[in-house]
Amino acid sequence: MLDSSVRAFRKHLTSVQTAVSRMSCCKEEKATAPAAASPASPQTTLEQGIIQTTPIGFISSCFAMKNGTPRQPTVCGPSRAELRIQQNIFNNPQHALLGLQQFSYVWIIFLFHKNGQLSCKAKVKPPRLNGQRVGVYSTRSPHRPNALGLTLAKLDKIESDTLYLSDIDMIAGTPVLDIKPYIPDYDCPDVRMSLESQQTDSDQNIGAPGDLDTEKNPVKSDEDEETDAPGNVTEINAEVLPTKNCCKKETSPLSTQVSAPKHLQNVLKEVEAFVTHIDTCQPSCESKIQVSDSAKSKPAGLSTERPCYGVEAARWIRQPPIASLDVRFTPRAESQLAEFLPAHPSGAPGSDRPGFQFLRSTDEAASAIRGILSADPRSVYRRTRCKDRLFFFTLDTADVTCWFGEDFAEVLQVRPVQSHMKSY
């Protein structure tokens, strides 16, 4: 601890000396610069890497504090949030969201505004590594040189200038910098590699010598060009692969007979690539496809499945230090949770019972609590040094108290959040 303190002090002293030297250099430059120097243009500042960001909106989430907030968006499916585009960004914010309802998922770029400190380290300790250090850029730690966050949220619906999201891992008040649609053809490596392999096989088969003797017939007729056209290959693939939505073209019987063997080879390769793609997907890709009401009218070809990543990743990503915990409720906690009313647009006037703001039922609240606790939201310090202490977190309008055993977590009580909520 003493050595660590000495090193930290030396780093801090070095940073102070660097800051003082920069200030002196700036003063000298200002003194030598002409008095009538014009301010830098916006284009010049961008080229120099000087960026001024303005939040387009702030998250209104079912998580009010960092404690208990999922570290990844897939941990707690029922988690919900709202994002309203600010009026000072666009005069008509709803115009900026036009067409976004055609997508099922969106990328949210935001700021980690609750880091608590502006300093960062080159090596961090991810919870999954149980205290071991690794480079910050190989993790999704919020403590980074630029406190930017990225999450993939499910887009439930859009109403006017407000986005309704689920599968989120952001706390209330999070500043959002940008929104981008999730496009599987671009963002999912498995889909992208499958499309590239299909295109490569198609190109090779089109250019390869087929049943026609090209050496004897160096000049092709119009009928021959129709035979080797890629449209015929796509025509048969459209019947085999349901992901392709192509219109059939009428071809002559002669062209179909001549190109049939080549097409059968293409079909076999396409089917093999498609089956391989399914086998390499994560189990989440095999789950039931969730389609929002607004996504039902989107054009064919847009996927509504959860993203799957079959490319390589660090082993510790898929090997947490603690397996999924069994979550259970005490009878008292179950009765307290049953007292909460589901979320209602107009609230619950005239009722003394507490009500949720985002969660739509008691079962959904219980599912969200199980998702949070089964992934063990405790830090490494709490997991190793504070095993016998209670754990508190807030979900929507509920203050949850629990404790952890060897392979389980037990919810002790679920109380309404008080206006003077205690910070744990």
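Sequence positions are assigned chain by chain, starting from 1 and proceeding in written order. Since the coordinates come from a predicted model, pLDDT governs what is reported: local features require at least 70, and pairs of side-chain atoms require 80 or more to be given and counted, while whole-chain, interface and lining totals use all residues. Side-chain numbers come from the whole structure's heavy atoms, not from hydrogens or water.

As recorded in an unreviewed UniProt entry, the protein goes by the name tRNA (adenine(37)-N6)-methyltransferase, listed as coming from Oryzias latipes. UniProt positions are given in the numbering used here, feature names are shortened, and annotations may be inferred rather than shown by experiment. Database annotation for the protein, UniProt heading Catalytic activity (unreviewed entry): "N(6)-L-threonylcarbamoyladenosine(37) in tRNA + S-adenosyl-L-methionine = N(6)-methyl,N(6)-L-threonylcarbamoyladenosine(37) in tRNA + S-adenosyl-L-homocysteine + H(+)". Word for word, the UniProt comment on the protein under Sequence similarities (unreviewed entry) is "Belongs to the tRNA methyltransferase O family."

*Asks:* Any chance you could break down the sheet that holds strand 12 (residues 408-416) for me, citing the residues and the numbers?
*Replies:* Strand order in the open sheet made by the four strands is 9-12-11-10, with mixed pairing throughout. This sheet does not close on itself; its edge strands, each paired only once, are strand 9 (326-329) and strand 10 (391-395). Direction aside, the axes of adjacent strands within the sheet are offset by 30 degrees on average. Those strands touched by helix 9 (residues 331-338) are strand 9 and strand 12, and its axis lies near 40 degrees from that of strand 12. Contact between two residues is taken to exist if any of their heavy atoms lie within 4.5 Å; hydrogens are not considered. Think of each axis as a best-fit line through the C-alpha atoms, taken over the contacting stretch in the case of a helix, with angles from 0 to 180 degrees between the N-to-C directions. Secondary structure is summarised from DSSP: a helix means a run of H or I of at least four residues, a strand means a run of E of at least two, and numbering begins at the N terminus for each. Together, strand 9, strand 10, strand 11 (398-404) and strand 12 form the strand contacts of helix 10 (residues 362-374), whose direction differs from that of strand 10 by roughly 135 degrees. In this description, strands pair whenever DSSP reports at least two bridges between them.

*Asks:* Quick rundown of the side chain of T330? Include the residues and the values.
*Replies:* Mapped onto the fold, T330 is located in the loop between strand 9 and helix 9. The class of T330 is buried, set by a relative accessible area of 14%. Each residue touching T330, except ones within four places of it in the same chain, is listed here: E410, V411 and L412. Relative accessibility thresholds used throughout: buried, under 20% of the residue-type maximum; exposed, over 50%; partly exposed, between the two (1.4 Å probe, protein chains only).

*Asks:* Can you tell me about the sheet that holds strand 3 (residues 105-111), naming the residues and giving the values?
*Replies:* Here we have six strands rolled up into a closed barrel, ordered 1-2-7-6-3-8, and antiparallel in their pairing. Strand after strand, the sheet turns through a mean of 45 degrees between neighbouring axes, direction not considered. By the bridge criterion, five bridges tie strand 3 to strand 8 (residues 175-181) in an arrangement that is antiparallel. By the bridge assignment, V106 is partnered in strand 8 with P181.

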